[in-house]
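Remarks on the overall topology
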Amino acid sequence: MTDIRAKGFDSPAQLREHLAEIEDESPAEGPGETKTPSAVQQVADLRREVADLRARLATIRRQAEGMDVPPSRGELHPWLRIAATAATTYLLGRLVQRLRLGAPGAAAVPMIASQLDRRIW
């Protein structure tokens, strides 16, 4: 006989009662009976689901057809952004040279330029 440890039950009688309830709820299947659908049935179900998803996608595309999508900020004028960032970096570098801030000031120039680029665009 196997040693079954029943955690969560106060007594073996409570465990037997619980197992009897589970057995009553489960459908009676014989040794040769299986409830799994055949491969053909599964493929047919999947094809129906794909057809349904395609119909839903077509509906969503029709609804979204008239919507105007604003271009993202990176697509507007990418070369203008690059030029502005380069000019800002150059001007900040010249300012650091004039103020003689040294290495810490020179290291801060790219960080300041990137912050300005984020806030402007």
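Residues numbered from 1 in each chain as written. Predicted model: local features only at pLDDT ≥ 70, side-chain atom pairs only at ≥ 80, totals over all residues. Heavy atoms only, no water.

Within the protein, the regular secondary structure consists of 5 helices and 0 strands. Helices and strands appear in the protein in the N-to-C order α-α-α-α-α. Out of the 121 residues belonging to the protein, those deemed buried represent 7%. (Helix = DSSP H or I, 4+ residues; strand = E, 2+ residues; numbered from the N terminus. Buried < 20%, exposed > 50% of the residue type's maximum accessible area, 1.4 Å probe, protein only.)

Now for a negative patch on the surface. Side chains of E17, E21, E23, D24 and E25 sit close together on the surface and give a patch of like negative charge. Its location among the elements puts E23 in helix α1 (residues 12-25). (Patch = residues over 30% accessible without salt bridge, like charges linked within 9 Å, V, L, I, M, F, W, Y side chains within 5 Å. Areas by Shrake-Rupley, 256 points an atom, 1.4 Å probe, with all protein chains shown as cover. Salt bridge = Lys/Arg side-chain N within 4 Å of Asp/Glu carboxyl O. Lys, Arg positive; Asp, Glu negative; His and termini not counted. Charge placed at Lys NZ, Arg CZ, Asp CG, Glu CD.)

Okay, helix α4 (residues 78-99) next. Here α4 contains 22 residues, and its C-alpha end-to-end distance of 32 Å stays within 8% of the 32 Å for a straight helix at 1.5 Å per residue. Turning to α4, its buried residues are R81, L92 and V96. Looking down the long axis of α4, one finds its buried residues gathered within 40° of arc, a one-sided arrangement. With respect to the buried face of α4, the exposed residues turned more than 90 degrees away are W79, Y90, L91, Q97 and R98. In the segment just after α4, R100 is the residue with positive phi, at about 55°. (Expected span 1.5 Å × (residues − 1). Arc of directions from axis to C-beta.)

Across the protein, the average pLDDT comes to 77, with 77% of residues at 70 or higher. The least confident element of the protein is helix α3 (residues 73-76), whose mean pLDDT is 56; the most confident is helix α2 (residues 39-64), at 92. (pLDDT = per-residue confidence, 0-100.)

A cluster of nonpolar side chains, L95, L99 and L101, forms an exposed patch at the surface whose accessible area comes to about 290 Å². Structurally, L101 can be placed in the loop between α4 and α5 (102-120).

This part takes up the environment of D117. Structurally, the position occupied by D117 is in helix α5. Between the C-alpha atom of D117 and that of T85, which follows or precedes it by 32 residues, the distance is 6.3 Å. Apart from residues no more than four positions distant in its own chain, D117 is found in contact with R81 and T85. (Contact = heavy atoms within 4.5 Å.)

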